Amino acid sequence: MFTEDLDRFYSDMGIDSKLINLSKKIEADLKERFNHIDQIAEFNQLKILKAMQDNRVSDVHFAATTGYGYNDIGRDTLERVYADVFHAEDALVRPQLISGTHALTVALAGNLRPGDELFSPVGKPYDTLEGVIGIKKTKGSLSEYDITYKQVDLKPDGSFDYDKIKEAIGPKTKLATIQRSKGYADRPTFSVGQIGNLISFMKDIKPDLICMVDNCYGEFVETIEPSDVGADLCVGSLIKNPGGGIAPIGGYIAGKAEYVENAAYRLTAPGLGKEVGATLGINSSLYQGLFMSPQVVSGALKGAIYAARLYEHFGFGVRPDGSEDRHDIIQAVTLKSPEAVIAFCEGIQAAAPVDSFVTPVPWPMPGYNCDVIMAAGAFVQGSSIELSADAPIKPPYTVFFQGGLTWYHAKYGILKSLQSLYNKELLI
Ligand SMILES: *Cc1c(COP(=O)(O)O)cnc(C)c1O
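In this text the structure is predicted, and so the values were computed from the model without any measurement. (Residues numbered from 1 in each chain as written. Predicted model: local features only at pLDDT ≥ 70, side-chain atom pairs only at ≥ 80, totals over all residues. Heavy atoms only, no water.)

1. Observations regarding the overall build of the protein chain
Turning to step 1, where the next piece is worked out: Secondary structure summary: the protein chain contains twelve helices and 13 strands in total.
Turning to step 2, where the next piece is worked out: Computed over the C-alpha atoms, the radius of gyration of the protein chain is 22 Å, within 12% of the 22 Å expected from 2.2 N^0.38 for a compact globule of 428 residues.
Turning to step 3, where the next piece is worked out: Within the protein chain, the fraction of its 428 residues that count as buried is 55%.
Turning to step 4, where the next piece is worked out: By sequence separation, contacts in the protein chain at least 24 residues apart represent 70% of the contacts at least 6 residues apart.
Turning to step 5, where the next piece is worked out: Accessible area of the protein chain: about 18700 Å², with a carbon and sulfur share of 55%.
Turning to step 6, where the next piece is worked out: Each charge class in the protein chain can be summarised by its mean position, and for the 41 positive and 53 negative side chains these summaries are 2 Å apart. (Helix = DSSP H or I, 4+ residues; strand = E, 2+ residues; numbered from the N terminus. Rg over C-alpha atoms; globule rule 2.2 N^0.38 Å. Buried < 20%, exposed > 50% of the residue type's maximum accessible area, 1.4 Å probe, protein only. Contact = heavy atoms within 4.5 Å. Areas by Shrake-Rupley, 256 points an atom, 1.4 Å probe, with all protein chains shown as cover. Lys, Arg positive; Asp, Glu negative; His and termini not counted. Charge placed at Lys NZ, Arg CZ, Asp CG, Glu CD.)

2. With respect to the pairing of strand β11 (residues 371-376)
Turning to step 1, where the next piece is worked out: Sheet analysis places strand β10 (residues 363-364) next to β11, joined by two bridges and oriented antiparallel. In the strand pairing of β11, Pro364 is matched with Asp371.
Turning to step 2, where the next piece is worked out: Relative to strand β12 (residues 388-392), β11 runs antiparallel, the two being bridged by five bridges. Its bridge partner being in β12, Ala375 is matched across the sheet by Ala389. (Pairing = 2+ DSSP bridges.)

3. Re the sheet that holds β12
Turning to step 1, where the next piece is worked out: Taken in spatial order, the six strands line up as β8-β9-β13-β12-β11-β10 in an open sheet, and their pairing is antiparallel. Sheet topology places β8 (317-319) and β10 at the edges, where each strand pairs with a single neighbour.
Turning to step 2, where the next piece is worked out: Here strand β9 (residues 331-334) pairs with strand β13 (residues 398-402) via four bridges, running antiparallel. Along β13, the bridge assignment pairs Val333 with Val399.
Turning to step 3, where the next piece is worked out: On the sheet, helix α11 (residues 338-350) packs against β11, β12 and β13 and is oriented at approximately 25° with respect to β11. (Axes fitted to C-alpha atoms, helices over the stretch in contact; angles between N-to-C directions.)

4. Some remarks on the domain arrangement of the protein chain
Turning to step 1, where the next piece is worked out: Assigned domains within the protein chain: domain 1 (2-44 + 291-423) and domain 2 (65-281).
Turning to step 2, where the next piece is worked out: Domain 1 and domain 2 are separated by 28 Å when their C-alpha centres are compared.
Turning to step 3, where the next piece is worked out: At the interface, 26 residues of domain 1 touch 27 residues of domain 2.
Turning to step 4, where the next piece is worked out: Across the interface of domain 1 and domain 2, roughly 2300 Å² is buried in total on both sides, 61% from carbon and sulfur atoms.
Turning to step 5, where the next piece is worked out: When the area that domain 1 buries against domain 2 is broken down by residue, the three leading residues are Arg319, His327 and Asp328, summing to 26%. (Domains from an automatic or database assignment. Buried area = accessible area lost by both parts, 1.4 Å probe.)

5. A word on the packing of α11 against helix α12 (residues 407-423)
Turning to step 1, where the next piece is worked out: Contact geometry for α11 and α12: axes closest at 7 Å, N-to-C directions at 140°. Looking at the two axes, α11 sits oblique to α12. The chirality of how α11 crosses α12 is right-handed. Where α11 approaches α12, its residues Ala340, Ala343, Phe344, Glu346, Gly347, Ile348 and Ala350 are matched on the opposing element by Gly413, Lys416, Ser417, Ser420 and Leu421. (Parallel < 35°, antiparallel > 145°, perpendicular 65-115°, else oblique. Left-handed = near helix turned anticlockwise from the far one by under 90°.)

6. What to know about the site of the ligand
Turning to step 1, where the next piece is worked out: Taken together, Ser99, Gly100, Thr101, Leu104, Tyr126, Gln179, Asp214, Cys216, Tyr217, Ser237 and Lys240 make up all the residues around the ligand.
Turning to step 2, where the next piece is worked out: In the complex, the protein chains occlude 87% of the 380 Å² of accessible area that the ligand would expose alone.
Turning to step 3, where the next piece is worked out: Tallying contributions element by element places helix α5 (residues 100-111) first for the shell around the ligand, with three residues. (Near = heavy atom within 4 Å.)

7. What about the sheet that holds strand β5 (residues 210-214)?
Turning to step 1, where the next piece is worked out: One open sheet holds the seven strands; their spatial order is β1-β7-β6-β5-β4-β2-β3, and the pairing between them is mixed. With one partner strand each, in any of the chains shown, β1 (90-94) and β3 (148-151) form the two edges of the open sheet. Each strand of the sheet is rotated relative to its neighbour by a mean of 20°, with strand direction disregarded.
Turning to step 2, where the next piece is worked out: The pairing of strand β6 (residues 233-237) with strand β7 (residues 251-255) spans five bridges and is antiparallel. Note that in β7 the partner of Ser237 across the bridge is Gly251.

8. Digging into the packing of aromatic side chains
Turning to step 1, where the next piece is worked out: Under the defined criterion, the tally for this structure stands at 17 aromatic pairs.
Turning to step 2, where the next piece is worked out: With 5.5 Å between their ring centres and 50° between their planes, Tyr311 and Phe344 make a pair best called tilted. In this pair, Tyr311 sits in helix α10 (residues 283-313) while Phe344 sits in helix α11, placing the two residues 33 residues apart along the sequence.
Turning to step 3, where the next piece is worked out: A relative accessible area of 0% places Phe344 in the buried class.
Turning to step 4, where the next piece is worked out: Among the aromatic residues, ring-to-ring pairing joins Tyr82, Phe86, Phe220 and Tyr252 into one connected group.
Turning to step 5, where the next piece is worked out: Above the plane of the ring of Tyr217 lies Lys240, whose end atom (NZ or CZ) is 4.2 Å from the centre. (Phe/Tyr/Trp six-rings, centres within 6.5 Å; stacked < 30°, edge-to-face > 60°. Lys NZ or Arg CZ within 6 Å of the ring centre and 35° of its normal.)

9. Digging into the environment of His87
Turning to step 1, where the next piece is worked out: Position of His87 among the secondary structure elements: in the loop between α4 (73-85) and β1.
Turning to step 2, where the next piece is worked out: Setting aside residues up to four positions removed in sequence, His87 forms contacts with Lys47, Ser227 and Asp228.

10. Considerations on a nonpolar patch on the surface
Turning to step 1, where the next piece is worked out: A cluster of nonpolar side chains, contributed by Leu46, Leu49, Phe291 and Met292, occupies part of the molecular surface with about 310 Å² of accessible area.
Turning to step 2, where the next piece is worked out: Elements that contribute at least two residues to the nonpolar patch include exactly α3 (31-54) and α10.
Turning to step 3, where the next piece is worked out: Tracing the chain through its elements places Leu46 in helix α3. (Patch = residues over 30% accessible without salt bridge, like charges linked within 9 Å, V, L, I, M, F, W, Y side chains within 5 Å. Salt bridge = Lys/Arg side-chain N within 4 Å of Asp/Glu carboxyl O.)

11. Describing the state of the cysteines
Turning to step 1, where the next piece is worked out: Counted by the stated rule, this structure contains zero disulfides.
Turning to step 2, where the next piece is worked out: The thiol of Cys370 is not disulfide-bonded; the next cysteine sulfur, from Cys345, is found 13 Å away.
Turning to step 3, where the next piece is worked out: On the basis of relative accessibility, which here comes to 14%, the residue Cys370 falls in the buried class. (Disulfide = S-S within 2.5 Å.)

12. Overview of unusual backbone geometry
Turning to step 1, where the next piece is worked out: That bond from Arg319 to Pro320 is cis: its omega, -5°, falls within 30 degrees of zero.
Turning to step 2, where the next piece is worked out: Within the secondary structure, Pro320 is located in the loop between β8 and β9.
Turning to step 3, where the next piece is worked out: Here the bond from Pro395 into Pro396 is cis, since omega is 5°, no more than 30 degrees from zero.
Turning to step 4, where the next piece is worked out: In this fold, Pro396 is placed in the loop between β12 and β13.

If you want it as structure tokens, here you go:
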């Protein structure tokens, strides 16, 4: 029968029948949750489809421009599509935004001036932003331009510290940056609803405060985005969720027209702004990636929940746990030993469509105080909407993983990671 064929195929691909049987039980338990995830994907698919239809997307928009890129109607229309999807006034969506960090840098540097203060009401931002802001002394940081920084940490239970936030907002506070996903930090990821409450609270104190959300890893996990609940700017990377695994590069900044324009003047040059920037023939990938994104994000989410359930079963710490609501696609698993972390990453790597024959090894990485191991076999270098895992080799030996272009690949990768632990007798 068909399921037997499938079981045999998994077995041929190195997965023990014991794990297959466990997987079947867990999948059956997850049916209702997976249905809910499918419905969110369906909603977001329609939202994106409608934005493309309303903007009359056509194959002329896929033509390449070069040089200055004047009158690149494919680029301009894609920006209209993004603006509509995010229910924002305008958007900047460019291959010249080379990463999420760069997009965030451009949004910050474009909207802050000497003497202004940048404020994080949600604790320390993503590692790479420490250099951008100047929390860590770095050439060219905002701090060198006399832009100061203040942060209020979350309360021990992970909630917003409203009293301290109120105290912190002063006459110099120009822009508040709110990171939606926990990234690789030890705190919860915020729902869009929670972000909306925080923004309302801050705008009551200071109506002209610019509220920016670092939306990385959060896009299309819910049916609304931070721009639906008052965020003035939403910023993210196209080699994560909204690029759908197809965009080869890029970032986006969506929000109030004035603030998007300020960012554009910083990305290109004052006076030039959005008018220039050739797209060199990649527009169709940016459109197609956005179109595929809800489906891809749903697969990554299913994989994350499935992994939480499987690893929970074997007594490992998982965050979020197997039953919590999800607001991003990152899954943390605490594996308790360096051997288990390495085995996990070897399994993820061995399951990849690209470079499956490569063995990942821990390595000293710039910016870390310990060795780091990374597993990725991606079509796009560094893409973390594709199945990938990384971990610092230090206690408590937590591996962070995310992505999977399809649910089936995420499932296989997670089974392969578990099998790798099993083969080394690291499963309790
Ligand atoms: C990935 C990420 C970024 C930016 O990272 P890049 O690697 O520069 O694209 C910023 N914030 C969060 C929360 C992220 O997950």
